[in-house]
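Chain by chain, the residues run as shown.
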2 protein chains.
Amino acid sequence: MSDDLLQQFRPSEVINWDDNTKKLILLGYINNQQSILILQKKPFEKQVQQLLFDNALQYFHNDIYTKYTFQQLNEIDCELISPANQVHIDKYSKSDQIIIEETYEMFLKQQIIQMPLDWVYNILEKKKEVENIVFENKNFLILKDYVFVNSKNLEDLHLLALPFQRDIKSLRDLNQDHLQMLEDIYNEGLRIINEEYKLDQKYVKVFVHYLPSFYHFHVHFTHSSQIGQSFRDIPLSSIIQNIKLKSNYYQIVALQYVTRVRINKF
Amino acid sequence: MSDDLLQQFRPSEVINWDDNTKKLILLGYINNQQSILILQKKPFEKQVQQLLFDNALQYFHNDIYTKYTFQQLNEIDCELISPANQVHIDKYSKSDQIIIEETYEMFLKQQIIQMPLDWVYNILEKKKEVENIVFENKNFLILKDYVFVNSKNLEDLHLLALPFQRDIKSLRDLNQDHLQMLEDIYNEGLRIINEEYKLDQKYVKVFVHYLPSFYHFHVHFTHSSQIGQSFRDIPLSSIIQNIKLKSNYYQIVALQYVTRVRINKF
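From a predicted model like this one, the values you see are computed outputs, not experimental measurements.

About the criteria used
The numbering scheme is per chain: residues are counted from 1 as the chain's sequence reads. Chains carry letters and ligands carry numbers; both start at the beginning, A for chains and 1 for ligands, and go up in the order they are written. Whole-chain, interface and lining totals are the exception, using all residues; otherwise, since this is a predicted model, local features are given only for residues with pLDDT of at least 70 and side-chain atom pairs are given and counted only at 80 or more. Hydrogens and water are ignored here; the side-chain numbers use all heavy atoms of the structure. Helix numbering and strand numbering both begin at the N terminus, where a helix is a DSSP run of H or I of at least 4 residues and a strand a DSSP run of E of at least 2. In this scheme, a residue with accessible area under 20% of its type's maximum is buried, one over 50% is exposed, and one in between is partly exposed, where area comes from a 1.4 Å probe on protein chains only. Any two residues whose heavy atoms approach within 4.5 Å at even a single point are treated as in contact. The protein chains shown are the only cover counted for residues, whose accessible areas, like all others here, come from Shrake-Rupley with a 1.4 Å probe. Throughout, the protein atoms alone are placed on a 1 Å grid, and a set of points is a cavity if a 1.4 Å probe fits but cannot get out or a pocket if it is open with protein on both sides within 12 Å along at least five of seven lines; lining residues have an atom within 4 Å of a point. Grid points are joined across faces, edges and corners, and a volume is the space filled by probe spheres set on the points. In the scheme used here, Gly and all other residues not listed as nonpolar or charged are polar, with Ala, Val, Leu, Ile, Met, Phe, Trp, Tyr, Cys and Pro taken as nonpolar and Asp, Glu, Lys and Arg as charged. A strand pair is defined by DSSP finding two or more bridges across the two strands. Axes here mean lines fitted to C-alpha atoms, for a helix over just the part in contact, with angles spanning 0 to 180 degrees between N-to-C directions. We define a salt bridge as a contact between a side-chain nitrogen of Lys or Arg and a carboxyl oxygen of Asp or Glu at a distance within 4 Å. Any Phe, Tyr or Trp ring, taking Trp's six-membered ring, that has another such ring centre within 6.5 Å forms a pair; planes under 30 degrees apart are called stacked, those over 60 apart edge-to-face, and the others tilted. Distance and angle both matter: a charge sits over a ring if NZ of Lys or CZ of Arg is within 6 Å of the ring centre and within 35 degrees of the ring normal.

A.B. asks: Explain the overall build of chain A to me, please; I cannot follow it from the model alone.
C.D. replies: The secondary structure content of chain A amounts to 8 helices and 14 strands. Counting across all 266 residues of chain A, residues that qualify as buried make up 53%. Contacts in chain A between residues far apart in sequence, at least 24 positions, make up 60% of those at least 6 positions apart. Summed over all atoms, the accessible surface of chain A reaches about 12900 Å², with 48% contributed by carbon and sulfur.

What follows is the structure, encoded as structure tokens:
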């Protein structure tokens, strides 16, 4: 029985953590089988609650500022993967973010590890997710990203614009031939979001990822309150202006991007 | 006595929260004086520890995946500000991020709320923080940002490059006259970080904030593992290339930036 499983877990090493989101990932064993345990502290309930401060320990006081630590209200979310193979272990192990400055020459030389795009073509051919499409013209469609499909919360807003044209792999392929489409994506996307969700464009971030997570060009529309990714999120507005300035802008500039590499800190 | 203070706190409303970092900020009263209580869950200890799973509650099970919740290791960090005035309350209240597309015309028209720059001039005139300067030439100096001064952790790396020239307020003032200085800042900064901290440039993010937090032009050097800010972090490498492409690039393009506005959700 699964409850027993957890009781049998014997941790052997910390393979990952995130102090920012209060996460800890342990590798361990359950009867000689490698297993992964993912611990994450839960957010607070967003409500006024009378707290019990009896066990609060003061460690700082200056003028109006006082600091304490105490133990309370701290439910932890916990996921066990057992048995776990090396793929699981790699997936959950600490990785390092590094900055790559990619010249266009480097881009041309590199081997893109192409993930299959069948799921994208299924959408473009109306074989899947037809119910998630919110806009369409002859050049592109806009649909709800799966993370947003089941959400009632506007702050989770996430739409994707996908061109029907299949030979635009990423930002690196864009030039003035695509300018009209990019402007249409920008304007129609914001218009639809305003109509469908009554969300003013000042609450909408419109951007492209570089590196992208898949190599069929796409544009993200998200709520402005979402954290996003430094360096990786490139405003579509800048892309349009850069191409107007120089049609081959994205075939001449070096682009800095952040990528992850596996490390061992233990 | 301060411990009593906390015991007397009576919460009246939730004024802010962050589920991502597990934070909750309450407004309340201590003998009729408004007070603010900031609760934040602490990161896990990064060490293998035998956990007690007796009270773990299973809520999901599928194949090798099992999920539980339980209460343990639950230290909370807690800050009390009492009494708190409206400035404190505004500072800690929930704000909304909105996207502004700033044309150069908008930039020229706007009234910049200029914070005093005495602290910057004190650094440039060697009246303060002399011990934090790590590089200097005739055009600029590079010093440790105060957040990094007392840190032993390289992942907290944060250096600032400050030109001696006082009339460059922000990115918007840059043109080809500043190109040599910008390239020197980029190269000398990375060289110094490599010499002083043995950190390869692939672990260093070099960027400018737009909007900046203060209006004396400056460049940030941080560790690549730091989260950073989407749209606000602009790679110095892109800035240099854009100015080479068009000297007045930052006097013609519209820049999208994220800004915060106070909201009331309660």
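Still to come is the rest of the account.
A.B. asks: Whenever I open this one, empty space enclosed by the protein confuses me. Can you help?
C.D. replies: Empty space among the atoms becomes visible once a probe the size of a water molecule is rolled across them. Overall, the coordinates contain 3 cavities of 30 Å³ or more when judged by the stated rule. Here the largest cavity defines a volume of roughly 450 Å³. The wall of the largest cavity is formed by 25 residues, among which Ile234 and Pro235 of chain A together with Ile234, Pro235 and Ser238 of chain B lie closest to the centre. Among the elements of the structure, strand 13 (233–235), helix 7 (236–245), helix 8 (249–252) and strand 14 (255–262) of chain A together with strand 13 (233–235), helix 7 (236–245), helix 8 (249–252) and strand 14 (255–262) of chain B are those that each provide at least two residues to the lining of the largest cavity. Grouping the constituent residues of the lining of the largest cavity by class yields 16 nonpolar, 7 polar and 2 charged. If you add up the space inside the second largest cavity, you get close to 50 Å³. Its residues assigned to classes, the lining of the second largest cavity shows 5 nonpolar, 5 polar and 1 charged.

A.B. asks: Looking at this structure, how should I read the pairing of strand 12 (residues 219–223) of chain B?
C.D. replies: Successive side chains on a regular strand alternate, one facing one side of the sheet and the next facing the other. Residue and element names in this part refer to chain B. Most of strand 12 is tucked away, with 5 of its 5 residues classed as buried. Of the two faces of strand 12, the one lined by Val219, Phe221 and His223 and the one lined by His220 and Thr222 are each fully buried. One ladder, built from 4 bridges, connects strand 10 (residues 158–163) with strand 12; its direction is antiparallel. Across the sheet, residue alanine 161 finds its bridge partner in strand 12, namely valine 219. Where strand 11 (residues 204–209) and strand 12 come together, 4 bridges link them in antiparallel fashion. Opposite lysine 205, over in strand 12, you have threonine 222 as the bridge partner.

A.B. asks: When you look at the sheet that holds strand 10 (residues 158–163) of chain A in this model, what are you seeing that I'm missing?
C.D. replies: Hydrogen bonding along the main chain pairs the strands of a sheet, whether they run parallel or antiparallel. Residue and element names in this part refer to chain A. Judged by pairing direction, the sheet is antiparallel, and its 6 strands sit side by side in the order 8-9-10-12-11-13 without closing on themselves. Edge positions in the sheet fall to strand 8 (133–136) and strand 13, since each of these pairs with one other strand and no more. In this sheet, neighbouring strand axes are inclined to one another by 30° on average, regardless of whether the strands run parallel or antiparallel. As paired elements, strand 11 (residues 204–209) and strand 13 share 3 bridges and run antiparallel to each other. Bridge pairing in strand 13 places histidine 209 opposite aspartate 233. In this fold helix 6 (residues 179–197) packs onto strand 8, strand 9 (140–144), strand 10, strand 11 and strand 12 (219–223), with an angle of close to 35° to the strand it touches most, strand 9. Of the strands in this sheet, strand 11, strand 12 and strand 13 are in contact with helix 7, which crosses strand 13 at around 55°.

A.B. asks: What is the right way to read the sheet that holds strand 11 of chain B from this model?
C.D. replies: Residue and element names in this part refer to chain B. Within the open sheet, the 6 strands sit side by side as 8-9-10-12-11-13. Their pairing is antiparallel. The strands lining the two open edges of the sheet, one partner per strand, are strand 8 (133–136) and strand 13. Direction aside, the axes of adjacent strands within the sheet are offset by 30° on average. On top of the sheet, helix 7 reaches strand 11, strand 12 and strand 13; it is set at about 55° to strand 13, its chief contact.

A.B. asks: How should helix 7 of chain B be read in this particular structure?
C.D. replies: Because an α-helix packs 3.6 residues into every turn, residues spaced three or four apart end up facing the same way. Summarising burial for helix 7 of chain B: 8 of the 10 residues are buried, a large majority. For helix 7 of chain B, the full list of buried residues reads Leu236, Ser237, Ser238, Ile239, Ile240, Gln241, Asn242 and Ile243 of chain B.

A.B. asks: How do you make sense of the pattern of salt bridges when you look at a structure like this?
C.D. replies: Pairing of side chains with opposite charge becomes possible as their charged atoms draw close. Residues and elements named next belong to chain A. With the rule as written, the count across this model stands at 15 salt bridges over all chains. Here glutamate 183 ties to lysine 244 by a salt bridge, and the two come within 2.8 Å at their closest N and O atoms. A residue pair is termed long-range when its members are at least 10 positions apart, and glutamate 183 in helix 6 and lysine 244 in helix 7 qualify at 61 residues. Taking the relative accessible area as the measure of exposure, glutamate 183 reaches 22% and is therefore partly exposed. Taken together, the shared-partner salt bridges connect Glu125, Lys127 and Arg166 into one network.

A.B. asks: I keep staring at the packing of aromatic side chains and nothing clicks. Help me out?
C.D. replies: Centre-to-centre distance and the angle between the planes together describe a pair of aromatic rings. All told, the structure shown has 14 aromatic pairs over all chains when counted by the stated rule. Residues phenylalanine 148 of chain A and tyrosine 197 of chain A carry aromatic rings whose centres are separated by 5.6 Å and whose planes lie at 70° to one another, so their mutual orientation is edge-to-face. Highlighted residues: phenylalanine 148 of chain A in helix 5 (residues 146–149) and tyrosine 197 of chain A in helix 6, separated in sequence by 49 residues. By relative accessible area, which is 4% here, phenylalanine 148 of chain A ends up buried. Aromatic pair tyrosine 210 of chain B and tyrosine 257 of chain B: ring centres 5.9 Å apart, planes at 75°, arrangement edge-to-face. Of the two residues, tyrosine 210 of chain B sits in the loop between strand 11 and strand 12 while tyrosine 257 of chain B sits in strand 14, which places them 47 residues apart along the sequence. Judged by relative accessible area, which is 1%, tyrosine 210 of chain B ranks as buried. Over the face of the ring belonging to phenylalanine 231 of chain B we find lysine 205 of chain A, whose NZ or CZ atom lies 5.1 Å from the ring centre.

A.B. asks: Looking at this model, I keep getting lost on the layout of surface pockets. Mind explaining?
C.D. replies: Residue and element names in this part refer to chain A. If you add up the space inside the second largest pocket, you get close to 470 Å³. Lining the second largest pocket we find 23 residues, and of these Asp145, Tyr146, Val147, His158 and His220 sit closest to its centre. Broken down by secondary-structure element, the contributors of at least two residues to the lining of the second largest pocket are helix 4 (118–124), strand 9, helix 5, strand 10, strand 11 and strand 12. When residues in the lining of the second largest pocket are grouped by element, the largest group, 3 residues, is from strand 11. Tallied by class, the residues present in the lining of the second largest pocket amount to 8 nonpolar, 9 polar and 6 charged.

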